[in-house]
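Each chain is listed here by its residues.
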Amino acid sequence: MRISFLLFSVFALAASCNTQTGDTEVQRLREETFRLRQENDSLKRVADRAKEDTTVRDTFQPAEHPLKNPSYPRFPGKHAVTLQWISWEYPGYVTISPGEKGWYSIRGGQTDRNNPDNYLKISGRIRPVTARELVFEGTIESRIDHLNEGKACVRNGQKTFKASGNRKYWRLQDMTNCEGGTLDYIDIYF
């Protein structure tokens, strides 16, 4: 009910914006709506797991591998991915597939619907350190027409993704765009 009220408020505010400042506000509201939907879906999954989990556990249990514990986010499969310069409203996707020795392959990206020259590509391998921290090895390439003189920004090597606080996504920790003082928020959603 609270989420419905929030969504209604967001859409009401969007409808009341004028066209000049409204476009920016509408985009911000779309991004906020997407984020709220992601959190809502994640909370529903947690609640469903809690209802199904009726086992009694000993207080002292050996630590489990993050992917074998059902309370951790699912890992192999299709995940939404976003770069804030492209869109939070229209995510792209990466596919994570089992590999060898605890590693998983990861491939995918996001393309700007309004300008296909703007993109994010991720290719390499990834493994969980914990449920909230991932190590990535490979290439992350992005191109945004108004950043880095319109040239591609390529990050190679080992990188870290972390989910801090209550976030329902892992964020790339090497956030600085190739042009310097600009930050890229590259997020892989649970």
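The rules behind the values
Residues numbered from 1 in each chain as written. Predicted model: local features only at pLDDT ≥ 70, side-chain atom pairs only at ≥ 80, totals over all residues. Heavy atoms only, no water. Helix = DSSP H or I, 4+ residues; strand = E, 2+ residues; numbered from the N terminus. Buried < 20%, exposed > 50% of the residue type's maximum accessible area, 1.4 Å probe, protein only. Contact = heavy atoms within 4.5 Å. Pairing = 2+ DSSP bridges. Phe/Tyr/Trp six-rings, centres within 6.5 Å; stacked < 30°, edge-to-face > 60°. Lys NZ or Arg CZ within 6 Å of the ring centre and 35° of its normal. Core = buried A, V, L, I, M, F, W, Y, C linked by side-chain atoms within 4.5 Å. Salt bridge = Lys/Arg side-chain N within 4 Å of Asp/Glu carboxyl O. Axes fitted to C-alpha atoms, helices over the stretch in contact; angles between N-to-C directions.

A. View of the overall build of the protein chain. Per the secondary structure count, the protein chain includes 2 helices and 8 strands. If you list the helices and strands of the protein chain from N to C, you get α-α-β-β-β-β-β-β-β-β. Here the protein chain, with 190 residues, has 37% of them falling under the buried criterion. In the protein chain, of all internal contacts separated by at least 6 residues, the share reaching a separation of at least 24 is 44%.

B. Region of interest: the pairing of strand β5 (residues 133–143). Sheet topology places strand β4 (residues 119–130) next to β5; 11 bridges connect them, and they run antiparallel. When the sheet's bridge partners are listed, T130 is paired in β5 with E133. Here β5 pairs with strand β6 (residues 153–162) via 10 bridges, running antiparallel. By the bridge assignment for β6, G138 is matched with G157.

C. Examining the pairing of strand β1 (residues 77–83) more closely. Judged by how many residues are buried, β1 sits mostly within the fold: 5 of 7 residues are covered. Here β1 pairs with strand β2 (residues 92–98) via 5 bridges, running antiparallel. Each residue of the ladder has a partner; that of V81, found in β2, is G92. Relative to strand β8 (residues 186–189), β1 runs antiparallel, the two sharing 3 bridges. Along β8, the bridge assignment pairs T82 with D187.

D. Highlighting the packing of aromatic side chains. For the structure on display, the rule yields 3 aromatic pairs. Ring centres 6.2 Å apart and planes at 80 degrees place the aromatic pair F136 and F161 in the edge-to-face group. A residue pair is termed long-range when its members are at least 10 positions apart, and F136 in strand β5 and F161 in strand β6 qualify at 25 residues. A residue is classified by how much of its surface remains accessible, and F161, at 0% relative accessible area, is buried. If you follow K121 out to its NZ or CZ, it ends over the ring of Y119, 4.8 Å from the centre. Note that R125 overlies the ring of W103, its terminal NZ or CZ placed 3.9 Å from the centroid.

E. Region of interest: the nonpolar core. Formed by 23 residues in total, the largest nonpolar core has its most connected members in I122, I126 and F161. For this core, the secondary-structure elements that each account for two or more residues are β1, β2, β3 (104–111), β4, β5, β7 (169–172) and β8.

F. Spatial organisation of the pattern of salt bridges. Under the definition given, this model contains 5 salt bridges. Of the charged contacts in the structure, one is a salt bridge between E137 and R125, with a shortest N-O distance of 2.9 Å. Of this pair, E137 sits in strand β5 while R125 sits in strand β4, and the two are 12 residues apart along the sequence. A relative accessible area of 25% places E137 in the partly exposed class. Its relative accessible area of 36% is what places R125 among the partly exposed residues.

G. Here's a closer look at unusual backbone geometry. A positive phi is found at N148, a non-glycine position, where the angle reads about 55 degrees. Of note, N148 is situated in the loop between β5 and β6. Overall, N148 belongs to the buried group, its relative accessible area being 14%. Of note in the backbone geometry, E149 takes a positive phi value of approximately 55 degrees without being a glycine.

H. View of the sheet that holds β7. Strand order in the closed barrel made by the 8 strands is β1-β2-β3-β4-β5-β6-β7-β8, with antiparallel pairing throughout. Neighbour to neighbour, the strand axes of the sheet diverge by 25 degrees on average, direction disregarded. Alignment of β6 against β7, held across 2 bridges, turns out to be antiparallel. By the bridge assignment for β7, F161 is matched with L172.

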